Amino acid sequence: MKLQLDAVLVKECRDAARQIADEVQVFIGSRSTESVERTVLRLLGVNDALDDVPMANIIVDSLAARGELGLGAAYWLGNACKQLNLSPQMAAAKVAAGELDLLALPRIEPAGLRPFLQELAQPGLQRIADNRRQRQRLQLKLKMGPSPLLYVIVATGDIMQDVPQAQAAAEQGADIIAVIRTTGQSLLDYVPHGATREGFGGTYATQENFRIMRKALDETGEKLGRYIMLVNYCSGLCMPEIAALGALERLDMMLNDALYGILFRDINMQRTLIDQNFSRVINAFAGIIINSGEDNYLTTADAVAEAHTVTASQFINEQLALAAGLSPWQMGLGHAFEINPDMEDGLLLEIAQAQMARQLFPDAPLKYMPPTKHMTGDIFKGYLHNSLFNLTSVLTGQGIHLLGMLTEAIHTPFIQDRYLAIENARYIMNNARHLREELEIVPDGRMQKRASEVLAKAADLLSQVAGIGLFTALERGMFADVKRSREGGKGLLGVFMQAAEYYNPFLDNMKAKLDRGMEND
Amino acid sequence: MTEGKIIKAYGDALDDGAVQVSFTLPLAAGPQAKAAAASLAESMGLDQAEVVHMASQGAGFSFFVVYGHCHHQVDLSTLQVTELELEEMDFYEINDYIRDNVGRKLNVVAACTGTDAHTVGIDAIMNMKGYNGEYGLERYPWINAYNLGSQVDNTFLVAEARRLQADAILVSQVVTQRDVHIPNLTRLVELLEAEGIRNSVVLVAGGPRISHQLALELGYDAGFGAGTTPRQVASYISREMVARKLGSL
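Fair warning: this is a prediction, and the values are worked out from it, not measured in the lab.

Some details on the overall build of chain A
Part 1 of the reasoning: Check the secondary structure of chain A and you find 19 helices and 13 strands.
Part 2 of the reasoning: Expected size for 521 residues packed as a compact globule is a radius of gyration near 24 Å; at 23 Å, chain A falls within 12% of this value.
Part 3 of the reasoning: Taken along the three principal axes of its C-alpha coordinates, chain A extends 75 × 55 × 40 Å.
Part 4 of the reasoning: Put simply, of all contacts in chain A between residues at least 6 apart along the chain, 78% involve residues at least 24 apart.
Part 5 of the reasoning: Here chain A contributes 50 positively and 62 negatively charged side chains, and the mean placements of these two sets differ by 3 Å.

Printed below as a string of structure tokens:
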């Protein structure tokens, strides 16, 4: 089954998206943020907390308050380690306890400290590289389920309750488990510490919660003979820190999309695009698959009228991902099945859109999101609606399939909601596994016309955005009908210009290794 | 017509009481789990409960579909139903009504409060484009619609309502867990009362878990559930303002 897509138009889309991404990368290149610096500290091993305040925050806040973040947090902590012959953890603990002032020590000249900072970065880099190899080994040994991989969420708020629910879902056939975050975490400017048992609509993302769930899913995976992927949300004000913690604890997939945060969480665009770049470099290096959030556009904008904004954003996300060193197999570009189910031939439009995305990004797994906007509480209709979504997904060869819940819009999923969703998907996907090899799309038919029309509109939108730049496009509300200002939103205060001698030992090192090519690409 | 009438659930004969329930038990599927499901159904008031489907959900959980004849009945004469009596107007009628009866634009401030990040409800009512072909309040020439978005703190909402001289406040609660929306909605009423402006605004709650009855119990003027259109909300607000002589000519 194939659509005829105008190759010239597709190239125009990619060229415009590259131009947009290049401009963003230039902006990012000379800046950093407080969350990027906290991430550097965490990768150096500073992952403890004092009275529930993460030491990474204590140190970065103190440097920022005194206007000394320009060199980067690594310089100051590294300087202390060198001068006092301390490990990063020990130096951080002394700072947190008020026993050490990083600015009061003699200072090694920044360029001269770089080799030492690279040494300090080695254990963190090594642990992430080891995790990447461990994942490859386990996936070879245990295998993955057939594509589309079935993705479900758990969201009890209590990590100890999440574990049995996630294990049950894996036993039922889920390949991917996301522990959805508590509402509001994206707006916290720190990552909470330790195991947590109280959240609303989800569970806090913490390093300890990651570790608990990873261990549980590894055990279940061994038992089932299937590798179970673990997902979390690398978005919001702590985007790169979550990436670091996920890389350290061998998560497999991360929601990771600045545009989502800008549009739907009102996070400042400068802040989150800078954060995103480092987080994506970490994810690239860690072998983690990212998911982008274009699907959300259609929860506010109309899925028929605004489908081209999804396609255009996918092109932009692809180029931003490439710039951060991600390989196509790591790009779970998002889209969704959100057309009003009462529309005549709506299914045809959904198939056209999904198939077009498949062909535009042939090596990306694509993250396909279920209907949510038109789920009503009529669980029986909702179950059917999800069935058509499941059929569309297998018919168009999607990679990451987020299962729709029949109780969407009622409550966070009950255990049986997930069970029924998995049963539905397994039935349909098994029953129609090779249907796409047996069908052809009518040339000049409804689906072909729809795809051509959406692609043309996406090309037009991309050329407009390329002309004015991504920041201005966001200010004008060109995505999801949402307007955001360059100076508005949350987190702008955490953005700063890098000093000439600024150094982030992880960014450089990871980028260099990615440029040489990681072993399983 | 139904006054004094006593009814039972209906399957295919009057008073057969037929119902279907489905649920999970924290037991591995097996004869004991099946017996437990039937016993639970009987405790729910289901006679001749029949477990028509049992399936393992893994990790020591099983899923059941049960049919039975529910012996409970409902005496309609004992029910108290609070329904919002709404004289619905269309887009043009509403604008004309505000122009003729209030004589100035209404200020409507809306927010999804607390930790809830789901704007789907408030957007459907407020957005220019609206939902399902119905324009949202932003499109109404006689309404100044302010959508504060999601995760809005109650105190911020009250401050904004003051600043914008709100005639009406719309609060949306979509996804909640362990009924967190109840104290959150109550808190807003308390804040408005403390500020002395509760009686000078039309206060409306909305969301899939909100009924008019619940809204009244929590101290709101009205509650709107799933499927509500912007037109219904606008009709209600404008008529309520006039009825309570708020900001009238």
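A short note on helix 5 (residues 88-96) of chain A
Residues and elements named next belong to chain A.
Part 1 of the reasoning: When helix 5 is considered as a whole, its buried residues turn out to be P88, A91, A92, V95 and A96. Down the axis of helix 5, the buried side of the element spans an arc of 135°, and every buried residue falls inside it.
Part 2 of the reasoning: Those residues of helix 5 hidden inside the fold are in contact with strand 2 (49-50), helix 3 (55-65), helix 4 (73-84) and helix 6 (110-142).
Part 3 of the reasoning: G98 lies just past helix 5 and shows a positive phi near 80°.

A look at the sheet that holds strand 3 (residues 46-58) of chain B
Part 1 of the reasoning: Spatial ordering of the open sheet is given by 2-4-3 (chain B), a layout of three strands whose pairing is antiparallel. Edge positions in the open sheet fall to strand 2 (18-25) and strand 3 of chain B, since each of these has one partner strand only. On average, each strand axis in the sheet is inclined to that of its neighbour by 15°, with strand direction left out of account.
Part 2 of the reasoning: Contacts between helix 16 (residues 415-431) of chain A and the sheet are confined to strand 2, strand 3 and strand 4 (61-70) of chain B, with strand 3 of chain B contributing the most and set at about 70° to the helix.

A look at the pattern of salt bridges
Residue and element names in this part refer to chain A.
Part 1 of the reasoning: Applying the stated rule across the entire model yields 39 salt bridges over all chains.
Part 2 of the reasoning: For D252, the salt bridge is made with R135, and the minimal N-O distance between the two is 2.8 Å. Note that D252 is positioned in the loop between helix 9 (239-248) and strand 7 (253-255) and R135 in helix 6, a separation of 117 residues in sequence.
Part 3 of the reasoning: Residue D252 is classed as buried on the basis of its relative accessible area, which comes to 1%.
Part 4 of the reasoning: Classification of R135 by relative accessible area gives buried; the value is 5%.
Part 5 of the reasoning: Here K381 ties to D342 by a salt bridge, and the two come within 2.9 Å at their closest N and O atoms.

Overview of the domain arrangement of chain B
Quite often, the size of an interface is put as the accessible area lost when its parts meet.
Part 1 of the reasoning: Each domain of chain B was delimited in the assignment, giving domain 1 (6-76) and domain 2 (91-247).
Part 2 of the reasoning: Centre-to-centre separation of domain 1 of chain B and domain 2 of chain B, based on C-alpha positions: 40 Å.

Describing the sheet that holds strand 7 of chain A
Part 1 of the reasoning: Pairing is parallel in the open sheet, where nine strands are placed in the order 9-8-7-6-5-4-12-11-10 (chain A). Each edge of the sheet is formed by a strand with only one pairing partner; in this case those strands are strand 9 (331-332) and strand 10 (334-336) of chain A.

Examining a nonpolar patch on the surface
Part 1 of the reasoning: Residues I7, V74, L79 and V81 of chain B make up a contiguous nonpolar surface patch of about 330 Å² in total accessible area.
Part 2 of the reasoning: Mapped onto the elements, V81 of chain B comes out in the loop between strand 5 (74-75) and helix 2 (91-101).

Description of the interface of chain B and chain A
Part 1 of the reasoning: Counting residues at the interface gives 29 residues for chain B, matched by 32 residues for chain A.
Part 2 of the reasoning: Both sides together, the interface formed by chain B and chain A hides about 2400 Å², and carbon and sulfur atoms give 50% of it.
Part 3 of the reasoning: Counting across the chain B and chain A interface gives zero salt bridges.
Part 4 of the reasoning: The interface formed by chain B and chain A holds two residue pairs in polar contact (both at pLDDT 80 or more) in total.
Part 5 of the reasoning: Sorting the residues of the side of chain B that touches chain A by element identifies strand 2, strand 3 and strand 4 of chain B as the ones contributing at least two each.
Part 6 of the reasoning: Among the elements that line the side of chain B that touches chain A, the one with the most residues is strand 3 of chain B, at five residues.
Part 7 of the reasoning: A per-class count over the side of chain B that touches chain A returns eleven nonpolar, 13 polar and five charged.

Re the packing of aromatic side chains
Part 1 of the reasoning: Scanning all chains against the criterion turns up 15 aromatic pairs over all chains.
Part 2 of the reasoning: For the pair Y75 of chain A and W76 of chain A, a centre-to-centre distance of 5.0 Å together with 75° between the ring planes defines the contact as edge-to-face. Taken individually, Y75 of chain A and W76 of chain A each receive the classification buried, so the pair is uniform in this respect.
Part 3 of the reasoning: One aromatic cluster is present, formed by Y260, F264, Y297 and F479 of chain A through successive ring pairs.
Part 4 of the reasoning: In this structure, R31 of chain A is placed above the aromatic ring of F27 of chain A, and the distance from its NZ or CZ to the ring centre is 3.8 Å.
Part 5 of the reasoning: One Lys or Arg, R239 of chain B, reaches over the ring of Y97 of chain B and ends 5.0 Å from the middle of that ring.

Some thoughts on helix 6 of chain A
Part 1 of the reasoning: Spanning 33 residues, helix 6 of chain A covers 47 Å between terminal C-alpha atoms, matching the ideal 48 Å at 1.5 Å per step.
Part 2 of the reasoning: A positive phi of about 70° marks K143 of chain A, the residue just after helix 6 of chain A.

Focus: the pairing of strand 6 (residues 229-233) of chain A
All names here are of chain A.
Part 1 of the reasoning: Of all five residues in strand 6, five are buried; the element is thus mostly enclosed.
Part 2 of the reasoning: With burial as the criterion, each face of strand 6 is covered, one bearing M229, V231 and Y233 and the other bearing L230 and N232.
Part 3 of the reasoning: Pairing of strand 5 (residues 176-179) with strand 6, which is carried by three bridges, proceeds in the parallel orientation. Bridge assignment links A178 to a residue of strand 6, and that residue is V231.
Part 4 of the reasoning: Of the crossover connections in this fold, the one passing from strand 5 over helix 8 (residues 207-224) to the parallel strand 6 is right-handed.
Part 5 of the reasoning: Sheet analysis places strand 6 next to strand 7, joined by three bridges and oriented parallel. The partner of V231 across the bridge, within strand 7, is M253.
Part 6 of the reasoning: Running through helix 9, the crossover from strand 6 to the neighbouring parallel element strand 7 is right-handed.

As for the nonpolar core
Part 1 of the reasoning: With 156 residues, the main nonpolar core has L470 and F479 of chain A as its most contacted residues.
Part 2 of the reasoning: Those residues in contact with L470 of chain A that lie beyond four places of it in its chain are I20, V24, L259, L273, I316, V465 and F479 of chain A.
Part 3 of the reasoning: Among the nonpolar cores identified, the runner-up in size contains 28 residues, and I94, L170, V233 and L246 of chain B belong to it.

Criteria and thresholds
Residues numbered from 1 in each chain as written. Chains lettered and ligands numbered in written order. Predicted model: local features only at pLDDT ≥ 70, side-chain atom pairs only at ≥ 80, totals over all residues. Heavy atoms only, no water. Helix = DSSP H or I, 4+ residues; strand = E, 2+ residues; numbered from the N terminus. Rg over C-alpha atoms; globule rule 2.2 N^0.38 Å. Contact = heavy atoms within 4.5 Å. Lys, Arg positive; Asp, Glu negative; His and termini not counted. Charge placed at Lys NZ, Arg CZ, Asp CG, Glu CD. Buried < 20%, exposed > 50% of the residue type's maximum accessible area, 1.4 Å probe, protein only. Arc of directions from axis to C-beta. Pairing = 2+ DSSP bridges. Axes fitted to C-alpha atoms, helices over the stretch in contact; angles between N-to-C directions. Salt bridge = Lys/Arg side-chain N within 4 Å of Asp/Glu carboxyl O. Domains from an automatic or database assignment. Patch = residues over 30% accessible without salt bridge, like charges linked within 9 Å, V, L, I, M, F, W, Y side chains within 5 Å. Areas by Shrake-Rupley, 256 points an atom, 1.4 Å probe, with all protein chains shown as cover. Buried area = accessible area lost by both parts, 1.4 Å probe. Polar contact = N/O pair within 3.5 Å; in protein donor to acceptor, adjacent residues only side chain to side chain. Nonpolar A, V, L, I, M, F, W, Y, C, P; charged D, E, K, R; others polar. Phe/Tyr/Trp six-rings, centres within 6.5 Å; stacked < 30°, edge-to-face > 60°. Lys NZ or Arg CZ within 6 Å of the ring centre and 35° of its normal. Expected span 1.5 Å × (residues − 1). Right-handed = clockwise from strand over helix to strand, strands pointing away. Core = buried A, V, L, I, M, F, W, Y, C linked by side-chain atoms within 4.5 Å.

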